[in-house]
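Working through the structure, step by step
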Amino acid sequence: MEDTPLGQIVLIRKEDDPKRIKSFSVYEKRIHNEWRSFLANRKVKQGAKPEDFAKVFEATFAKMFG
C-alpha cells in the first residue's frame, strides 16, 4: 500500500511516533499537521455542550430512581 501516493499519505497521517514525526520533511509535516487539525476540528464540531451531558445524566438517574 505504501508504494502508491495515496498509501504514502495514509502512512504519514497515521504516524504517531514522535521520533519519526521529527524526521519528516516539510511536506510530510504539512500533511500530518493538516490531518491532525482536521480531526481536532471535527471533534470540536461533534462535541456536545456540558449542559447536554448534564441533561443526559439527569434523565438516566430519573429512569433509575424515579
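Residues numbered from 1 in each chain as written. Predicted model: local features only at pLDDT ≥ 70, side-chain atom pairs only at ≥ 80, totals over all residues. Heavy atoms only, no water.

**Considering the packing of aromatic side chains**
Within the structure shown, the criterion is met by 2 aromatic pairs. With a centroid separation of 6.2 Å and 10° between ring planes, the pair formed by Phe61 and Phe65 is classed as stacked. In this pair, Phe61 and Phe65 are both assigned in helix α4 (residues 50-65), 4 residues apart and thus about one turn of the helix distant. Relative accessible area serves as the criterion here: at 65%, Phe65 is assigned to the exposed category. (Phe/Tyr/Trp six-rings, centres within 6.5 Å; stacked < 30°, edge-to-face > 60°. Helix = DSSP H or I, 4+ residues; strand = E, 2+ residues; numbered from the N terminus. Buried < 20%, exposed > 50% of the residue type's maximum accessible area, 1.4 Å probe, protein only.)

**Focus on the confidence of the model for the protein**
Looking at the protein as a whole, its pLDDT mean stands at 85, while 86% of the residues score no less than 70. The lowest-confidence element of the protein is α4, averaging 77 in pLDDT; the highest-confidence one is helix α2 (residues 18-22), averaging 94. (pLDDT = per-residue confidence, 0-100.)

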